[in-house]
Structure formats: C-alpha cells, structure tokens
Amino acid sequence: MNNIEFEWEIAELIGRRREGEYWDFKQQWYLYNTDLLHDIICMANSPANRDCYIIIGIEDETLKVLGVDANS
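Predicted model only: the values in this text are computed from it and were never measured.

Q: Just to check I follow, could you spell out helix 2 (residues 33-44) for this structure?
A: Structurally, the α-helix is built with 3.6 residues per turn, so residues lying three or four positions apart point the same way. Its twelve residues place the ends of helix 2 16 Å apart at the C-alpha level, agreeing with the 16 Å of an ideal helix rising 1.5 Å per residue. The complete set of buried residues in helix 2 reads Leu36, Asp39 and Met43. Along the axis of helix 2, the buried positions cluster into a sector of 65°, meaning they face one direction only. Across from the buried face of helix 2, at angles greater than 90 degrees, the exposed residues are Thr34 and Ala44. Against strand 1 (23-26) and strand 2 (53-56) lie the buried residues of helix 2.

Right, dumping it as structure tokens:
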C-alpha cells in the first residue's frame, strides 16, 4: 500500500464516525505503555485478517479530528 492509499484508508475510517473491529480511535497518545500494549494485543487478536489501526487524535465523545501535537 502506498502513502496515498494509506492516507485515503485512514480518512475513510475516520469518516465512518465509529470504531470497528480493525480500527480504534484515541484522543491522545498513551500515558502508560501498558495501555498501548493492551490495545496492540487486542488488535492482534482481532477477527479481521488484515492490518489494524490505532488512530490517535480523535476526540472520544464527538469523534472530532483533533490532531496531535508534534512534540508529544
């Protein structure tokens, strides 16, 4: 998958305005590595037989795109 295809896929998943079996939204980067590891393991155990995504920078309740701080 090239960068344009990847960017299109992520934009399409965000546009669905819901989480799915192979993608998950997070408002901000993880405070604890154990939480990140937990989510990675959950994605690895997903019934979807494909790449899975944790998309950072999406507000929890409204699913509004917040983005991320480049210094984080």
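Q: Sorry, what's going on with the packing of aromatic side chains here?
A: Geometrically, a pair of aromatic rings is defined through the distance of the ring centres and the angle of the planes. Enumeration according to the criterion identifies three aromatic pairs in this entry. For Arg50, the ring lying beneath its charged end belongs to Tyr22, and the centroid distance is 3.9 Å.

What counts and what doesn't
- Within any chain, residue numbers begin from 1 and follow the written order of that chain's sequence.
- Residues qualify for local features only when their pLDDT is at least 70, as the model is predicted, and side-chain atom pairs are given and counted only at 80 or more; totals for whole chains, interfaces and linings, by contrast, use all residues.
- To obtain the side-chain values, all non-hydrogen atoms of the structure were used and water was disregarded.
- Strands here mean DSSP runs of E at least two residues long; helices mean DSSP runs of H or I at least four residues long; both are numbered from the N terminus.
- Expected span of a helix: the number of residues minus one, times 1.5 Å.
- Throughout, exposure labels follow a simple rule: accessible area from a 1.4 Å probe, protein chains only, divided by the maximum for the residue type, with under 20% read as buried, over 50% as exposed, and the rest as partly exposed.
- The arc in question is the one traced by the directions running from the helix axis out to the C-beta atoms.
- Pairs of residues are marked as contacts when any of their non-hydrogen atoms sit within 4.5 Å.
- Centres within 6.5 Å are what make two rings of Phe, Tyr or Trp a pair, Trp counting through its six-membered ring; a difference in plane orientation under 30 degrees is then read as stacked, over 60 as edge-to-face, and the rest as tilted.
- To sit over a ring, a charge needs its Lys NZ or Arg CZ within 6 Å of the ring centre and within 35 degrees of the ring normal.

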